[in-house]
Amino acid sequence: MKPFNIGNLHIAVPIVQGGMGVGVSLAGLSSAVANMGGIGTISSVAIGLTNPSATGSYKKRNIDTLREEIRKARKLTRGVLGVNIMTVITNFQDMVRTSIEEGIDIIFSGAGLPLDLPKYLDNQKKTKLIPIVSSARAASIICKKWLQNYNYIPDGFVVEGPEAGGHLGFKAEDIGKKEQKLEKLVTDVLEVTRKLEKDHSKNIPVIAAGGIYSGEDAYRFFQLGVSAVQLGTRFVATEECDASHDFKMAFVNAEQEDIRIIKSPVGLPGRTIYNKFLEEAEKGKRKPDICKHHCISSCNPDTTEFCIAEALKSAYEGKLSHGFAFTGASAAKVKKISKVSQVFKDFEAEYNKAKQTIFK
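Residues numbered from 1 in each chain as written. Predicted model: local features only at pLDDT ≥ 70, side-chain atom pairs only at ≥ 80, totals over all residues. Heavy atoms only, no water.

1. Remarks on the overall build of the protein
Scanning the protein for helices and strands turns up 11 helices and 14 strands. In terms of overall size, the protein behaves like a compact globule, its C-alpha atoms giving a radius of gyration of 19 Å where 360 residues would be expected to give roughly 21 Å. Each principal axis of the C-alpha atoms in the protein carries an extent, and together these give about 55 × 50 × 40 Å. Within the protein, buried positions represent 58% of all 360 residues. Taking as baseline every contact in the protein between residues at least 6 positions apart, the subset at least 24 positions apart corresponds to 66%. Taken as a whole, the protein presents about 15,800 Å² of accessible surface, with 48% of it coming from carbon and sulfur. Averaging the positions of the 49 positive and the 40 negative side-chain charges in the protein gives two centres separated by 3 Å. (Helix = DSSP H or I, 4+ residues; strand = E, 2+ residues; numbered from the N terminus. Rg over C-alpha atoms; globule rule 2.2 N^0.38 Å. Buried < 20%, exposed > 50% of the residue type's maximum accessible area, 1.4 Å probe, protein only. Contact = heavy atoms within 4.5 Å. Areas by Shrake-Rupley, 256 points an atom, 1.4 Å probe, with all protein chains shown as cover. Lys, Arg positive; Asp, Glu negative; His and termini not counted. Charge placed at Lys NZ, Arg CZ, Asp CG, Glu CD.)

Take a look at the structure:
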């Protein structure tokens with residue numbers, strides 16, 4: 001697998017670890033991936049809920065904990081680190097500003113269009129900005145707005161297909177459609193970026209994401225022209241993953257029939273490992289009495305079936321009877337807990353085998 005660059009950042013191994021919240025990818029997992037030459041990503045969503053020692057308001061706990069996790073990761077690695085920041089969180093600005101203040105290498109932002117992201121840079125040139133999109137149209141809109149308002153071109157794109165974990169940028173009825181397959185989405189976005197590269201003399205790497213599990217999967221997308229692939233699910237069942245052992249075992253024990261799409265309180269479909277908690281939520285047995293955190297701008301506490309922040313926090317802690325795990329479509333392929341270094345080793349072997357045999 002070939003290294004690639006994002007501006008002046010050199011990434012030795014073209015693997016990006018997807019940001020997974022609440023608390024699934026913090027300093028532990030992100031630094032381990034960065035140490036292997038990939039890009040490690042801290043998830044900022046409700047990050048303050050993972051820190052028992054954090055004090056103050058919800059806003060302050062999130063800021064302080066994100067700052068703490070970035071600094072902790074920096075002590076553990078000299079590699080490339082990113083932060084994933086969803087546009088729909090109510091503390092979006094705080095998370096962006098804190099990440100930039102801490103000199104994070106990359107901000108990945110999706111779950112909506114991050115149309116004003118460049119304005120937070122304030123002439124700081126270190127942090128790279130990479131939107132997460134699910135269509136060429138979204139990529140084009142972002143490029144147009146960023147150029148028009150900030151004279152800034154995205155430093156890359158993550159193209160996330162319908163087999164991704166967590167919240168999906170598709171209507172539920174469109175998820176299985178042929179025209180929404182990741183291969184087509186990637187090809188369409190590459191058309192957009194190639195024109196931009198030609199017009200502005202800037203390299204804009206495209207990262208394929210969503211359902212990619214093996215080196216064989218990756219080889220197919222590298223043949224299409226992407227610079228890197230993003231993995232989430234495969235990194236959950238690692239010793240370095242920041243979630244609890246019971247959370248990881250939910251992936252090890254998952255069967256294909258357990259993986260289902262739900263309607264999230266965020267207002268988007270989401271892929272999950274379905275369990276009793278979600279079954280009870282659908283029956284109206286998990287409705288929150290109050291909104292504790294006001295964490296998601298698109299969540300209506302009067303109509304939501306459950307509090308997503310509390311459910312994901314409980315799952316992160318291993319209390320699966322009070323929460324659930326988001327997952328990619330490949331969760332049933334997870335059979336054991338291993339080390340991040342072993343994932344990289346196995347992935348490279350799978351890639352080389354595909355290169356030498358299957359796709360020759």
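2. Section: the environment of Gly176
Mapped onto the elements of the fold, Gly176 is located in the loop between strand 9 (166-167) and helix 5 (182-200). Since its relative accessible area comes to 74%, Gly176 is described here as exposed. In this structure, the C-alpha to C-alpha distance between Gly176 and Asp116, residues 60 residues apart in sequence, is 31 Å.

3. Comments concerning the pattern of salt bridges
Working definition: two side chains of opposite charge can pair if their charged atoms are close together. With the rule as written, the count across this model stands at 20 salt bridges. For Glu183, the salt bridge identified is with Arg220, shortest N-O distance 2.6 Å. Linking Glu183 in helix 5 with Arg220 in helix 6 (residues 215-224), this pair joins segments that are 37 residues apart in sequence. Accessibility expressed as a relative area gives 30% for Glu183, which makes it partly exposed. Of the residues examined, Arg220 reaches a relative accessible area of 29% and is grouped as partly exposed. (Salt bridge = Lys/Arg side-chain N within 4 Å of Asp/Glu carboxyl O.)

4. Notes on the pairing of strand 12 (residues 259-263)
In this sheet, strand 13 (residues 269-273) lies alongside strand 12 in antiparallel orientation, the contact comprising 5 bridges. By the bridge assignment, Ile261 is partnered in strand 13 with Arg271. Counting the residues that bridge the hairpin from strand 12 to strand 13 gives 5 residues, and of these Gly267 lies at a positive phi of roughly 100 degrees. (Pairing = 2+ DSSP bridges.)

5. Overview of the side chain of Asp105
Along the chain, Asp105 falls in the loop between helix 3 (92-101) and strand 6 (106-109). Within polar-contact distance, the side chain of Asp105 engages the side chain of Arg74 at 3.1 Å. Among the polar contacts listed, one links the side chain of Asp105 to the side chain of Lys126, at a separation of 3.1 Å. (Polar contact = N/O pair within 3.5 Å; in protein donor to acceptor, adjacent residues only side chain to side chain.)

6. Quick look at helix 8 (residues 245-252)
Of all the residues in helix 8, the buried ones are Phe247, Lys248, Ala250, Phe251 and Val252. Its buried side turned inward, helix 8 meets helix 7 (233-236), strand 13, helix 10 (308-316) and strand 14 (325-326).

7. A look at the packing of helix 5 against helix 6
Relative orientation of the contacting elements helix 5 and helix 6 amounts to 35 degrees, with a least axis distance of 10 Å. At the point where helix 5 passes helix 6, the crossing takes the right-handed sense. Counting all contacts with helix 5, which are made through Leu182, Glu183, Val186, Thr187, Leu190 and Arg194, the residues of helix 6 involved are Arg220, Phe221 and Leu224. Looking at side-chain class alone, the contact of helix 5 with helix 6 contains 5 nonpolar, 1 polar and 3 charged residues. (Axes fitted to C-alpha atoms, helices over the stretch in contact; angles between N-to-C directions. Left-handed = near helix turned anticlockwise from the far one by under 90°. Nonpolar A, V, L, I, M, F, W, Y, C, P; charged D, E, K, R; others polar.)

8. Some thoughts on unusual backbone geometry
Along the chain, Gly21 connects to Val22 via a cis peptide bond; the corresponding omega equals 0 degrees. In this structure, Val22 sits in the loop between strand 3 (15-17) and helix 1 (27-35). The backbone phi angle of Ala46 is positive, close to 50 degrees, even though this residue is not glycine. Within the element layout of this structure, Ala46 appears in the loop between strand 4 (39-43) and helix 2 (58-76).

9. Considering the nonpolar core
Of all hydrophobic cores here, the largest spans 108 residues; its most connected members are Phe235, Phe306 and Phe324. The element contributing the most residues to this core is helix 5, with 7 residues. If sequence neighbours within four positions are ignored, Phe306 has contacts with Ile262, Pro265, Phe277, Leu278, Ala281, Arg286, Pro288, Ala311 and Phe324. (Core = buried A, V, L, I, M, F, W, Y, C linked by side-chain atoms within 4.5 Å.)

10. What to know about helix 5
In this model, helix 5 (19 residues) spans 26 Å end to end at C-alpha, consistent with the 27 Å of a helix rising 1.5 Å per residue. On its buried face, helix 5 sits against strand 7 (128-133), helix 4 (136-150), strand 8 (157-160), strand 10 (206-209) and helix 6. Downstream of helix 5 by one or two residues, Ser201 has phi in the positive range, about 55 degrees. (Expected span 1.5 Å × (residues − 1).)

11. Regarding the environment of Asp199
Examined against the element boundaries, Asp199 turns out to sit in helix 5. Residues Asp199 and Tyr219 lie 20 residues apart in sequence; the distance between their C-alpha atoms is 29 Å. In terms of polar contacts, Asp199 uses its side chain to reach the side chain of Lys195, at 2.8 Å.

12. Side note on the side chain of Ser338
Its place among the elements puts Ser338 in the loop between strand 14 and helix 11 (340-358). On the basis of relative accessible area, Ser338 is assigned to the buried category, the value being 14%. Apart from residues lying up to four places away in sequence, Ser338 is in contact with Ala237, Thr238, Glu239, Glu240 and Val343.

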